[in-house]
Number of protein chains: 2
Amino acid sequence: MNKKSEVIHLHHGSGGEHMTKLLNEVIFKILKNDILEVRHDGAFLNMQGNLAFSTDSYVVSPVFFKGGNIGELAVNGTVNDLSMCGAIPKYLSLALIIEEGFGLDEFIQIIKSIKEAADKANVQIVTGDTKVVERGKGDQIYINTSGIGVVHEKANIKTQNIQENDVIIINGPIASHGMAIMSEREGLEFESDILSDTTNLNYIVLDLIEKFGDKIHFLRDATRGGLASVLHEIATEINFGISLFEEDIKVENQVKSACELLGLDPLYVANEGIFVCITTPEIKDEVLTILQKVNSNASVIGFVTDEHPSKIIIESTFGGKRVVNPLVGEQLPRIC
Amino acid sequence: MNKKSEVIHLHHGSGGEHMTKLLNEVIFKILKNDILEVRHDGAFLNMQGNLAFSTDSYVVSPVFFKGGNIGELAVNGTVNDLSMCGAIPKYLSLALIIEEGFGLDEFIQIIKSIKEAADKANVQIVTGDTKVVERGKGDQIYINTSGIGVVHEKANIKTQNIQENDVIIINGPIASHGMAIMSEREGLEFESDILSDTTNLNYIVLDLIEKFGDKIHFLRDATRGGLASVLHEIATEINFGISLFEEDIKVENQVKSACELLGLDPLYVANEGIFVCITTPEIKDEVLTILQKVNSNASVIGFVTDEHPSKIIIESTFGGKRVVNPLVGEQLPRIC
């Protein structure tokens, strides 16, 4: 199963001998853990308390990009969704839809990245599924991960907690993931590579919740649709508006150049390691100190206001103000 | 959103305004429940004790077939996987990968089927994800469901419990789902339609576990690869062989005809509502009585033996014996 030119065939998804071989020699071998090893129709878990449960399918194209690949993304994405619920991620499922003809070497590399990302985030892949579809009915590989985490006893993350004057903090510069994917697709070259920001956010979020408990009012990772879209989701759910300061929203130089070149607004470009943290104003400096230990570009980017309910208004670097509209249409398909 | 000719576009998966509309006017509206309504990155669940966790992606083609559609299949399949763990299914996630151009009416019909199947099995869809891929990068719609259930306190389902002389019971005739799909694909017409056997097995399994506890040694649904493949999975995990009686394995007449016409062996054809139950011999008549209340074709089809370890041998209706080999190659791609 390790010859360079080998590819995945339809029979690898048949439930028969070839599938068993692929499972045994690649998937179970690399992802090995006691729970997965039981190999039943589902995993047996012993858990107590309030749980969080999340799912995401990853259809990013290309599947390998600078700073990561679809496997790493699939682990980090679901780990982060659980973290945004104030939960400690514990167990993931892994469901693969592989296009016939996908290279076995690439497949193995992706499974290895999944294992590394899972180890890094301290989660286990405990159950899974493998399907193979005909050529032209998929695109190399699509991955679904679902995850279960235990909600931290001090966590109370919900939009209803958001209050007037709450501050909006992000943990780093935006738009890197989306522009890493776009640069790859468009064959753009910059002086330094644009890297996806994909990473697991569970430890830093846990840190914040441990220290500040329910003063952390809300958390959300700014993935599809970018920072603007997640803030819009929040603004429509609460009866407040959001005011932003453009100069505090950092974008790396080469990411900014790529956005300008392609005519994209970084506010709408996907991130994979950036999250919005909405807290009471009195803890903002302490939160910032914690976030800046990991990324010096973490910043307070705005606040919650009752002046323009459900609207987002951004003050530009030169003092002008404009409304940030919801994303209409599709800026970047297949970004995650 | 309800004009007949409307289709799903890439922008329905963008994280922007069109996606919000699709979520609000179709998905959240049809699947509505209190947990889903929170609309966070994940669902909050309160659960205690031993849990089962399972995942499956459904890529069946065509997505509508006689006796069901991909939506119903996606709910029943994961409900059944949890049931086979001896668990009471509670919560499902729902992740959609839609091909650009898929009809909105068909999409709505599938979401409605998901809701009906979930209600029937008494499970809730609590979290989800929607992705749209370009034309030619998918096939109408792929659905992943992951599920969480609570393991019944009397359940103890594992291959290690299987003993010599245990009986193998199935709950009805085999090969109906696979042949329903194949007939649809091949445009075959029979006197009466071949219907998929897709159904939720949770109530009947719960019944067995309630009554017989750990005398139910093992359960597995005979999906991909059919009855032969799941028995092979079991036989390779235990140090025993399996003896089968061909005449006790029922196949409906028109299913048998379709298999003959297409040169397929019903033992390897997928089922969606048939499961293998391995029990101690002394309860076989009682188990059969319970199963036959639902389907009169439930039958004891064989037993566990130490005579031919890890091998499956079938005695034909005319008394001859042959080895049932593992499935090699791909008999029926995209069957579930």
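With an unreviewed UniProt entry as reference, chain A is termed Hydrogenase expression/formation protein HypE, source organism Flavobacterium piscisymbiosum. The UniProt entry for chain A carries this comment under Sequence similarities (unreviewed entry): "Belongs to the HypE family."

Participant: With reference to specific residues and values, describe the overall build of chain A.
Facilitator: Within chain A, the secondary structure is distributed over 9 helices and 14 strands. Here the C-alpha atoms of chain A give a radius of gyration of 21 Å, agreeing with the 20 Å that 2.2 N^0.38 yields for 336 residues. Overall size of chain A, expressed as C-alpha extent along the three principal axes, is 65 × 50 × 30 Å. The buried share among the 336 residues of chain A stands at 62%. Long-range pairs, those at least 24 residues apart, make up 87% of the contacts in chain A with a sequence separation of at least 6. Working note: accessible area of chain A is about 12800 Å², and carbon and sulfur atoms make up 45% of it.

Participant: Run through the interface of chain A and chain B, naming residues and quoting values.
Facilitator: Counting residues at the interface gives 75 residues for chain A, matched by 75 residues for chain B. At the boundary of chain A with chain B, total buried surface from both sides reaches about 5800 Å², with 53% on carbon and sulfur atoms. The largest share of the area that chain A buries against chain B comes from A:Asp41, A:Phe53 and A:Arg224, three residues that together contribute 14% of it. For the pair chain A and chain B, the number of links is 8 salt bridges. Put simply, B:Asp41 and A:Arg220 hold a salt bridge, and the shortest N to O gap is 3.5 Å. Where chain A touches chain B, the interface holds 34 residue pairs in polar contact (both at pLDDT 80 or more). Tallied by class, residues from the side of chain A that touches chain B come to 32 nonpolar, 27 polar and 16 charged. One ladder, built from 5 bridges, connects strand E1 (residues 43-47) of chain A with strand E2 (residues 49-58) of chain B; its direction is antiparallel. Across the sheet, A:Phe44 pairs through a bridge with B:Ala52, a residue of E2(B).

Participant: Mind laying out the packing of aromatic side chains, listing which residues take part and the relevant values?
Facilitator: Tallied over the entire structure, the rule returns 3 aromatic pairs over all chains. On the numbers, 6.3 Å between centres and 80° between planes, the contact of A:Phe53 with B:Phe53 is edge-to-face. Of the two residues, A:Phe53 is situated in strand E2 (residues 50-58) and B:Phe53 in strand E2; the pairing between them involves two chains. Across the pair, exposure class does not vary: A:Phe53 and B:Phe53 are buried alike. Look at A:Phe245 and A:Phe303: their rings are 6.0 Å apart centre to centre, the planes differ by 40°, and that puts the pair in the tilted class. Of the two residues, A:Phe245 sits in strand E10 (residues 241-245) while A:Phe303 sits in strand E12 (residues 299-305), which places them 58 residues apart along the sequence.

Participant: Help me get a handle on the pattern of salt bridges, residues and values and all.
Facilitator: Should the charged atoms of two oppositely charged side chains come close, the side chains can pair. Going through the model one piece at a time under the given rule, you end up with 24 salt bridges over all chains. Shared partners join several salt bridges into a network, and the residues in it are A:Asp56, A:Arg224, B:Asp129 and B:Lys131.

Participant: Outline the domain arrangement of chain A, supporting the account with residue identities and numerical values.
Facilitator: All names here are of chain A. Segmentation of chain A into domains returns domain 1 (10-151) and domain 2 (159-323). Between the C-alpha centres of domain 1 and domain 2 there is a distance of 28 Å. A combined buried area of about 1900 Å² lies between domain 1 and domain 2, and 57% of that area is made up of carbon and sulfur atoms. When residues of domain 1 are sorted by the area they lose upon contact with domain 2, Lys66, Asn80 and Met84 head the list and together hold 34% of the total. Our count for the contact surface shared by domain 1 and domain 2 stands at 0 salt bridges. Taken together, the connections running from domain 1 to domain 2 amount to 9 residue pairs in polar contact (both at pLDDT 80 or more). Sorting elements by how many residues they give to the side of domain 1 that touches domain 2 places helix H3 (residues 70-84) first, with 9 residues. Residues belonging to the side of domain 1 that touches domain 2 are distributed by class as follows: 10 nonpolar, 9 polar and 4 charged.

Participant: Could you give me a rundown of the sheet that holds strand E14 (residues 321-323) of chain A, with the residues and numbers involved?
Facilitator: All names here are of chain A. Strand order in the open sheet formed by 7 strands is E9-E11-E8-E12-E10-E13-E14, and the pairing between neighbours is mixed. Each edge of the open sheet carries a strand with a single partner, namely strand E9 (216-221) and E14. If you compare each strand with its neighbour and ignore which way they point, the axes differ by 25° on average. As defined by bridge partners, strand E8 (residues 167-170) adjoins E12 across 4 bridges and the pair is classed as antiparallel. Paired with Ile170 across the bridge in E12 is Ser299. Each of E8, E9, E10, strand E11 (275-279), E12 and strand E13 (312-315) is contacted by helix H7 (residues 226-237), which is oriented at about 140° to E9, the strand it contacts most. Contacting E8, E9, E11 and E12, helix H9 (residues 284-294) crosses the sheet at an angle of about 5° to E8.

Participant: An account of the side chain of A:Asp221 is needed here, citing residue identities and associated values.
Facilitator: Inspection of the secondary structure assignment puts A:Asp221 in strand E9. For the buried A:Asp221, no salt bridge is present, and the opposite-charge side chain at shortest range is A:Arg220, 5.9 Å distant. If near-sequence neighbours (up to four positions away) are discounted, A:Asp221 is found in contact with A:Gly77, A:Asn80, A:Asp81, A:Met84, A:Val230, A:Ile274, A:Phe275 and B:Asp41.

Participant: With reference to specific residues and values, describe the relation of the copies chain A and chain B.
Facilitator: Between the two copies, chain A and chain B, the superposition gives an RMSD of 0.0 Å; the rotation angle is 180° and the shift along the axis is 0.0 Å. Within this description, the copies of the chain are treated as partners about a two-fold rotation axis. Residues of chain A ranked by C-alpha distance from the rotation axis are headed by A:Gly138, positioned 2.2 Å from it.

Participant: An account of the environment of A:Tyr142 is needed here, citing residue identities and associated values.
Facilitator: With respect to the secondary-structure elements, A:Tyr142 resides in strand E7 (residues 141-151). Separated by 59 residues in sequence, A:Tyr142 and A:Ser83 place their C-alpha atoms 23 Å apart. One polar contact links the side chain of A:Tyr142 to the main-chain carbonyl oxygen of B:Lys137, over a distance of 2.4 Å.

Participant: Tell me about the pairing of E9(A), and name the residues and values.
Facilitator: Residues and elements named next belong to chain A. With 6 of its 6 residues buried, E9 lies for the most part within the structure. Relative to E11, E9 is paired through 5 bridges, and the arrangement is antiparallel. Opposite Ile216, over in E11, you have Thr279 as the bridge partner.

Participant: Outline the sheet that holds E1(A), supporting the account with residue identities and numerical values.
Facilitator: In sheet architecture, strand pairing relies on hydrogen bonds along the backbone and comes in two forms, parallel and antiparallel. If you walk across this open sheet you meet the 5 strands as E1(A)-E2(B)-E7(B)-E5(B)-E6(B), and the pairing is mixed. Strand pairing shows two members of the sheet lacking a second neighbour, E1 of chain A together with strand E6 (124-133) of chain B, which therefore form its edges. Taken pair by pair, the neighbouring strands of this sheet meet at an average axis angle of 20°, ignoring direction. Across the face of the sheet, helix H1 (residues 17-31) of chain B comes into contact with strand E5 (87-99) and E6 of chain B while running at roughly 145° to E6(B).

Participant: Please set out the pairing of strand E12 (residues 299-305) of chain B residue by residue, giving values where relevant.
Facilitator: Successive side chains on a regular strand alternate, one facing one side of the sheet and the next facing the other. Residue and element names in this part refer to chain B. Across the 7 residues that make up E12, a large majority, 6, are buried. Across 4 bridges, the pairing between strand E10 (residues 241-245) and E12 is antiparallel. Bridge assignment links Ser243 to a residue of E12, and that residue is Phe303.

Quick notes on the rules
- Residues numbered from 1 in each chain as written.
- Chains lettered and ligands numbered in written order.
- Predicted model: local features only at pLDDT ≥ 70, side-chain atom pairs only at ≥ 80, totals over all residues.
- Heavy atoms only, no water.
- UniProt positions renumbered as here; feature names shortened; annotations may be inferred.
- Helix = DSSP H or I, 4+ residues; strand = E, 2+ residues; numbered from the N terminus.
- Rg over C-alpha atoms; globule rule 2.2 N^0.38 Å.
- Buried < 20%, exposed > 50% of the residue type's maximum accessible area, 1.4 Å probe, protein only.
- Contact = heavy atoms within 4.5 Å.
- Areas by Shrake-Rupley, 256 points an atom, 1.4 Å probe, with all protein chains shown as cover.
- Buried area = accessible area lost by both parts, 1.4 Å probe.
- Salt bridge = Lys/Arg side-chain N within 4 Å of Asp/Glu carboxyl O.
- Polar contact = N/O pair within 3.5 Å; in protein donor to acceptor, adjacent residues only side chain to side chain.
- Nonpolar A, V, L, I, M, F, W, Y, C, P; charged D, E, K, R; others polar.
- Pairing = 2+ DSSP bridges.
- Phe/Tyr/Trp six-rings, centres within 6.5 Å; stacked < 30°, edge-to-face > 60°.
- Domains from an automatic or database assignment.
- Axes fitted to C-alpha atoms, helices over the stretch in contact; angles between N-to-C directions.
- Lys, Arg positive; Asp, Glu negative; His and termini not counted.
- Least-squares fit on C-alpha atoms with pLDDT ≥ 70 in both.

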